[in-house]
Amino acid sequence: MKRILFSLIFLASACLVISSNAQQRSRQSKGNAASIEREVFRLINKKRSSSGKPALVINDVVSRLARSHSAAMASGKVRFGHAGFDDRSDQINARVGRISGIAENVAIGSDAEAAVAMWWRSAGHKKNMLGTYKQTGIGVARKGTQWYFTQIFISKM
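Residues numbered from 1 in each chain as written. Predicted model: local features only at pLDDT ≥ 70, side-chain atom pairs only at ≥ 80, totals over all residues. Heavy atoms only, no water.

The next subject is the overall build of the chain. Within the chain one finds six helices and four strands. Each helix and strand of the chain, placed in order from N terminus to C terminus, yields the pattern α-α-β-α-α-β-α-α-β-β. Looking at the chain as a whole, 40% of its 157 residues qualify as buried. For the chain, the share of sequence-separated contacts (at least 6 apart) that also reach a separation of at least 24 residues comes to 70%. In the form shown here, the chain has an accessible surface area of approximately 9,200 Å², with 57% of it arising from carbon and sulfur atoms. (Helix = DSSP H or I, 4+ residues; strand = E, 2+ residues; numbered from the N terminus. Buried < 20%, exposed > 50% of the residue type's maximum accessible area, 1.4 Å probe, protein only. Contact = heavy atoms within 4.5 Å. Areas by Shrake-Rupley, 256 points an atom, 1.4 Å probe, with all protein chains shown as cover.)

Counting buried residues along strand 2 (residues 99–109), eight of its 11 residues qualify, which places the element largely inside the surrounding structure. Two strands pair when backbone bridges link them, and strand 2 and strand 4 (residues 146–156) are joined in this way by 10 bridges, in the antiparallel orientation. When the bridges of strand 4 are listed, A103 appears paired with F153. (Pairing = 2+ DSSP bridges.)

Enumeration over the complete set of coordinates arrives at three salt bridges. Linking R88 and E104 is a salt bridge whose minimum nitrogen-to-oxygen distance equals 2.8 Å. Of this pair, R88 sits in helix 4 (residues 85–96) while E104 sits in strand 2; the two residues are 16 residues apart in sequence, bridging distant segments of the chain. (Salt bridge = Lys/Arg side-chain N within 4 Å of Asp/Glu carboxyl O.)

Our focus in this paragraph is the environment of I92. Here I92 lies in helix 4. Sequence separation between I92 and V61 is 31 residues; the distance between their C-alpha atoms is 7.4 Å. Apart from the residues within four sequence positions on either side, I92 is in contact with V62, L65, G97, I99, I102, I152 and I154.

Turning to the sheet that holds strand 3 (residues 135–143), a few remarks are in order. Spatially, four strands are ordered 1-3-4-2 in an open sheet, and the strand pairing comes out mixed. Lying at the two open borders of the sheet, with one neighbouring strand each, are strand 1 (57–58) and strand 2. Running at roughly 25 degrees to strand 3, helix 3 (residues 60–75) makes contact with strand 1, strand 2, strand 3 and strand 4 of the sheet. (Axes fitted to C-alpha atoms, helices over the stretch in contact; angles between N-to-C directions.)

Here you go:
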């Protein structure tokens with residue numbers, strides 16, 4: 001009887017955790033774009049800090065270009081990926097001044113945590129996250145329950 005009761009309590013606890021996680025993800029997937037972008041920014045800087053790197057600063061011009069790319073991917077105007085990256089790089093150079101370095105990460109996911117975790121597991125994306133960049137722009141767009149993420153990293157000359 002004790003074993004059955006313990007099993008039921010354990011099962012109920014596990015269901016509560018799963019339900020809580022699902023509710024949290026549901027709330028976040030229904031969140032607004034600005035809150036999702038802020039969460040990506042917070043998580044990226046947390047990863048950088050834990051790796052001994054300085055925090056990035058948001059650049060609004062770069063964020064607008066990142067948002068535009070995410071919206072284009074979400075709407076199907078461009079395929080998921082880095083299409084137009086050279087154009088975005090040229091626009092950043094023209095609008096914020098000469099840059100000495102630039103990189104871009106893109107992802108599709110249910111929330112900010114999922115996108116940042118995916119980037120962290122990928123050697124190339126992680127390299128961008130921990131690069132010598134000083135500024136970043138983050139843009140998201142939603143299609144259904146999926147978010148399209150673009151993060152651009154820059155260093156100015």
